[in-house]
Number of protein chains: 2
Amino acid sequence: MLYNFSNPQNEATLSDGSATQKTYLALRKMIVIGDLKPGEKLKIEGLRQRLGTGASPIREALSLLTSDNLVERIDQRGFRVSLTSRKNFEEILMLRCELEDIALRQSLANRTQDWEEQVVVSHHRMVRAQVGGDAAFEDLHKAFHMALLGCCDAPILLKFCSQLYDLNIRYRYLASGAMNYKQRDVSHEHQNIMDAVIAGDGDTASAELLSHFRHTGAFLAGLIPQQG
Amino acid sequence: MLYNFSNPQNEATLSDGSATQKTYLALRKMIVIGDLKPGEKLKIEGLRQRLGTGASPIREALSLLTSDNLVERIDQRGFRVSLTSRKNFEEILMLRCELEDIALRQSLANRTQDWEEQVVVSHHRMVRAQVGGDAAFEDLHKAFHMALLGCCDAPILLKFCSQLYDLNIRYRYLASGAMNYKQRDVSHEHQNIMDAVIAGDGDTASAELLSHFRHTGAFLAGLIPQQG
DNA sequence: TTACGGCATAATATCGATTTTTTTGTCGCG
DNA sequence: CGCGACAAAAAAATCGATATTATGCCGTAA
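Read on for a plain summary of the structure. (Residues numbered from 1 in each chain as written. Chains lettered and ligands numbered in written order. Predicted model: local features only at pLDDT ≥ 70, side-chain atom pairs only at ≥ 80, totals over all residues. Heavy atoms only, no water.)

## Notes on the environment of Gly78(B)
Residue and element names in this part refer to chain B.
Inference 1: With respect to the helices, strands and loops of the structure, Gly-78 is situated in the loop between β2 (71–73) and β3 (79–81).
Inference 2: The class for Gly-78 is partly exposed, based on a relative accessible area of 22%.
Inference 3: Linking Gly-78 and Leu-62, residues 16 residues apart in sequence, is a C-alpha distance of 9.6 Å.
Inference 4: Leaving out residues up to four positions away in the same chain, Gly-78 has contacts with Glu-72 and Arg-73. (Helix = DSSP H or I, 4+ residues; strand = E, 2+ residues; numbered from the N terminus. Buried < 20%, exposed > 50% of the residue type's maximum accessible area, 1.4 Å probe, protein only. Contact = heavy atoms within 4.5 Å.)

## Quick notes on the protein's contact with DNA strand D
Inference 1: Neighbouring residues of DNA strand D: 18 residues in total, closest Arg59(A), Ala19(B), Thr20(B), Gly54(B) and Arg77(B).
Inference 2: Here DNA strand D approaches the protein such that, of its atoms within 4 Å, sugar and phosphate make up 85%.
Inference 3: Within the contact set of DNA strand D, a phosphate oxygen lies 2.9 Å away from a side-chain nitrogen or oxygen of Lys41(A).
Inference 4: In this structure, a phosphate oxygen belonging to DNA strand D sits 2.8 Å away from a main-chain N or O atom of Gly54(B).
Inference 5: Of all the secondary structure elements, the ones that give two or more residues to the surface near DNA strand D are β1 (41–42) of chain A together with α1 (19–32) and α3 (55–67) of chain B. (Near = heavy atom within 4 Å. Polar contact = N/O pair within 3.5 Å; in protein donor to acceptor, adjacent residues only side chain to side chain.)

## Remarks on the interface of chain A and chain B
Inference 1: In this complex, chain A contributes 39 residues to the contact, which on the side of chain B involves 39 residues.
Inference 2: Summed over both partners, the interface of chain A with chain B comes to about 3300 Å²; 58% of that surface belongs to carbon and sulfur atoms.
Inference 3: Contact with chain B buries area across many residues of chain A, yet Arg73(A), Ile156(A) and Phe160(A) alone supply 19% of it, more than any other trio.
Inference 4: The interface formed by chain A and chain B includes six salt bridges.
Inference 5: The salt bridge partner of Glu60(A) is Arg73(B), with a shortest N-O separation of 2.5 Å.
Inference 6: There are 12 residue pairs in polar contact (both at pLDDT 80 or more) connecting chain A and chain B.
Inference 7: The leading source of residues in the side of chain A that touches chain B is helix α4 (residues 86–109) of chain A, at 10 residues. (Buried area = accessible area lost by both parts, 1.4 Å probe. Salt bridge = Lys/Arg side-chain N within 4 Å of Asp/Glu carboxyl O.)

## Quick word on the protein's contact with DNA strand C
Inference 1: The local shell around DNA strand C holds 18 residues, among which Ala19(A), Thr20(A), Gly54(A), Arg77(A) and Arg59(B) are the closest.
Inference 2: Taking the atoms of DNA strand C that fall within 4 Å of the protein, sugar and phosphate contribute 85% of them.
Inference 3: At a separation of 2.6 Å, a phosphate oxygen of DNA strand C approaches a polar side-chain atom of Thr20(A).
Inference 4: Between a phosphate oxygen of DNA strand C and a side-chain N or O atom of Thr53(A), the distance comes to 3.3 Å.
Inference 5: Broken down by secondary-structure element, the contributors of at least two residues to the surface near DNA strand C are α1 (19–32) and α3 (55–67) of chain A together with β1 (41–42) of chain B.

## A look at the packing of helix α8 (residues 187–199) of chain A against helix α9 (residues 202–221) of chain A
Residues and elements named next belong to chain A.
Inference 1: Packing of α8 against α9 leaves a shortest axis separation of 8 Å and a crossing angle of 160°. Taken together, α8 and α9 sit at an angle that is classed as roughly antiparallel. Considering how the two elements wind past one another, α8 and α9 form a crossing that is left-handed. Of α9, the residues touching α8 (which contributes Glu-189, His-190, Asn-192, Ile-193, Ala-196 and Val-197) are Thr-204, Ala-205, Glu-208, Leu-209, His-212 and His-215. (Axes fitted to C-alpha atoms, helices over the stretch in contact; angles between N-to-C directions. Parallel < 35°, antiparallel > 145°, perpendicular 65-115°, else oblique. Left-handed = near helix turned anticlockwise from the far one by under 90°.)

## Digging into the sheet that holds β3(B)
All names here are of chain B.
Inference 1: Overall, antiparallel pairing links the three strands, which are arranged β1-β3-β2 in an open sheet. Only two strands of the sheet have a single partner each, and these edge strands are β1 and β2.
Inference 2: Alignment of β1 against β3, held across two bridges, turns out to be antiparallel. Bridge pairing in β3 links Leu-42 to Phe-79. (Pairing = 2+ DSSP bridges.)

As structure tokens, this is what we get:
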């Protein structure tokens, strides 16, 4: 399996093709899609061989992933994939509702024509990938959600939202693989959000977005294995 | 000047006396108190000599600080201290108001006797240090604020709050050194917050806390140098 | 004079090896 | 039979050196 994808969260800070960058992206994807399981020990030597790079980039990538709450650093005992639990999932859901509500309203307050077009385009791309069963759907889904917040002029808040998105998506994969998502028809939810956004109706847009989160959340909560 | 202090934000993940841990704490303090200025380039070799350690721990500590939004990583051009601006300050203030409001209410909802005592004790320690001019005041001030949130059972949210606290305190130092803070009498504000918290009155406690933030914010905003 | 390109310098990023710490397994003693 | 200490193994953390990349300077040409 290949682990060289796009969708860099730290694009602003890691935009080159360095070994650290590639390692960071690869490891993040491996964790998000569940190839590296929650609680699994991340041995430097093993990863070094698996990813064909030195120990330094691995170590540095793991440090960065620690910031994303996807990896935990333990004393002098190395790294492990962050644990999952029902409680953790619910916190992520709660925070997404709170933070994206703020970000969406700010984005709407600052909206521009260019931004509206970005929203429409990102939505279209997502829909196209969804009906086509494109593997890039996940990336485009995130792109759509982040596009909604595009005019929110609060970088730290957006970083939090991005982080929380990735933490959340991980549960989708853990629940039963990515495709499970499609069992639930979210198209109209996305459409409703976009309609309200384009109309500039913050209250409705936020309500639709949170409803979308909570429906997905309730759907996923029942599928979370063991723990919590 | 010495840079070996306590107040570890990543205490849960970096609790040993490793070189990385010490370097992380030292650098964080240096940035927060303004010894390393916003935008300043962080050359590995220079820090290596200044902190008496190898390049690896430096590099790893800088990666961790990137997660705290105190350091920026640039392409293949190394690290630099995060920039400051009026806009950045206002975002931090806004986010603190939003997030601590949530966290405080949750903390109150889960309150226990033991927690109430922790709040009282941490407040007392802070007051004692304040009147005594103790250098540890800053740490105790943070401890008090975090103690208020102690029963909020949402680790990610608490991590965000802790991060934002550190980002905010940096502006206090930048404005005119730490002691400036004392020009404003915040004792009664802290007292009001605590009283409401002990009374279990979430609305009042939150209102007092946010008022505290905003007063300090308005006070500091006028002192922020150049930029933004 | 200014813009461009190449060369020297400096700094970063990465590697390989060493040191330190943790973990594991075993043996002897109670 | 269980427990603790010790030794061996594994792993993490760190170091020193090398390779790679950016930066600044200078000369040349338009």
